[in-house]
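# Structural overview for review
Residue strings, one per chain:
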Amino acid sequence: MSAVLPPELSLPVVGRTSPLAAWRRWLPGTTRLLLAWPVPLAVLLLWHIAARNEWIAPQVLPSPEAVAATFADALRSGELLDNLRISLWRVFAGFGVGLVGGLLIGTAMGLSPTFKDYVYPLFKAFAQVPVLGWLPLLMLLVGIDEALKIILIAKASLVPIALNTYKGIQNVPTRYIEVARVFRFSRWQLLSRVVFPAAAAPIWNGVRYGFTHAWLALVVVELLASSEGLGYMIVFGRQLFQLDVVLAAVVMVGLVGFVLDKMLALIETRLLRWRRAGF
């Protein structure tokens, strides 16, 4: 006969999860997902009721069904996807320039007090001017072609990336630096193994904020100086008083921005999962 261990000496079964533990892990995420739906559904219902009862003229507020039909027609014709492709190319090109510039400027300010003393006051003044403030000057310098849009998008993304990179490097705990010096790390080892890993979270936050600002700047620039893109669709629909086209383009802007932000959040979770155990 096999001996039976008393409960206090029994070994736990490795690799199995009790149904109660799995339910407890599943419940918070499901609860958050369910709580996210009532407000949007209530807004959609109110919109439907307002349009059906003509509380607002249909020419001003088309019904959700009309917007959905216009959205589907624009997808089938390829108009919406063509404009989306152009907008995505612009935002990724401008964001790429802003990302490189922001990382370089932020790193230089964080590592070199002399560089920071020279550049930081001017950079802060530069950051205070909104994107639209640079539009008239840049239109005179580079015209209204693609260069204008890329420069403005790059400016919008560069500022938060540079500032978060600078703050992240500045806030690296001093004890980390002291331990690295005890182990006689070279300057490159200090940067690659201590400074940048410790500053990774704020730097990535700057990247996310920078991309959000780049997406917003794209729409603004296309509203004012473009003949293609999602922003142009909004302007074109407004000029023809086709509010269903305007709202269809607005829906696409919101959906794409939401999806891109979620993708960045997923990348952040993968890149920084090692920080859960502490640095």
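Residues numbered from 1 in each chain as written. Predicted model: local features only at pLDDT ≥ 70, side-chain atom pairs only at ≥ 80, totals over all residues. Heavy atoms only, no water.

The next point concerns the packing of aromatic side chains. Ring pairs (aromatic) are described by centroid distance and by the angle formed between their planes. For the structure shown, the criterion picks out seven aromatic pairs. The interplanar angle of 45° and the centroid separation of 5.7 Å between the aromatic rings of Phe-92 and Phe-211 together place this pair among those described as tilted. Of this pair, Phe-92 sits in helix 4 (residues 79-111) while Phe-211 sits in helix 10 (residues 200-224), placing them 119 residues apart in sequence. According to the relative accessible area criterion, Phe-92 is partly exposed, its value standing at 44%. Their ring planes at 45° and their centres at 5.4 Å tell us that Phe-126 and Trp-134 sit as a pair that is tilted. Judged by relative accessible area, which is 29%, Phe-126 ranks as partly exposed. Here the aromatic residues Phe-92, Phe-95 and Phe-211 are joined through ring pairs into a cluster of three or more. Over the ring of Tyr-120 we find Lys-116; its NZ or CZ atom is 5.7 Å from the centre of that ring. Taking NZ or CZ as reference, Arg-193 lies 5.8 Å from the ring centre of Phe-185, over its face. (Phe/Tyr/Trp six-rings, centres within 6.5 Å; stacked < 30°, edge-to-face > 60°. Helix = DSSP H or I, 4+ residues; strand = E, 2+ residues; numbered from the N terminus. Buried < 20%, exposed > 50% of the residue type's maximum accessible area, 1.4 Å probe, protein only. Lys NZ or Arg CZ within 6 Å of the ring centre and 35° of its normal.)

For the pair helix 10 and helix 11 (residues 230-239), interaxial distance at closest approach is 7 Å and the crossing angle is 40°. Here helix 10 lies oblique to helix 11, going by the angle between them. Crossing handedness for the pair helix 10 and helix 11: right-handed. Mapping the contact onto sequence places Trp-215, Val-219, Glu-222 and Leu-223 in helix 10 and Leu-230, Gly-231, Tyr-232, Ile-234 and Val-235 in helix 11. Tallied by class, the residues present in the contact of helix 10 with helix 11 amount to seven nonpolar, one polar and one charged. (Axes fitted to C-alpha atoms, helices over the stretch in contact; angles between N-to-C directions. Parallel < 35°, antiparallel > 145°, perpendicular 65-115°, else oblique. Left-handed = near helix turned anticlockwise from the far one by under 90°. Contact = heavy atoms within 4.5 Å. Nonpolar A, V, L, I, M, F, W, Y, C, P; charged D, E, K, R; others polar.)

A surface patch of nonpolar side chains, about 710 Å² in accessible area, is lined by Leu-45, Leu-46, Ile-49, Trp-55, Ile-56, Val-60 and Phe-241. Tracing the backbone through its elements, the reader meets Leu-46 in helix 2 (residues 38-52). (Patch = residues over 30% accessible without salt bridge, like charges linked within 9 Å, V, L, I, M, F, W, Y side chains within 5 Å. Areas by Shrake-Rupley, 256 points an atom, 1.4 Å probe, with all protein chains shown as cover. Salt bridge = Lys/Arg side-chain N within 4 Å of Asp/Glu carboxyl O.)

Attention now goes to the pattern of salt bridges. The full count for this structure, using the stated rule, is five salt bridges. Linking Asp-73 and Arg-76 is a salt bridge whose minimum nitrogen-to-oxygen distance equals 2.2 Å. Of this pair, Asp-73 and Arg-76 both sit in helix 3 (residues 64-77), separated by three residues, roughly a single helical turn. For Asp-73, a relative accessible area of 41% translates into the label partly exposed. Take Arg-76: its relative accessible area is 63%, and that puts it in the exposed class. The structure contains a network of salt bridges with shared partners spanning Arg-90, Glu-146 and Glu-222.

These figures capture arrangement, not role.
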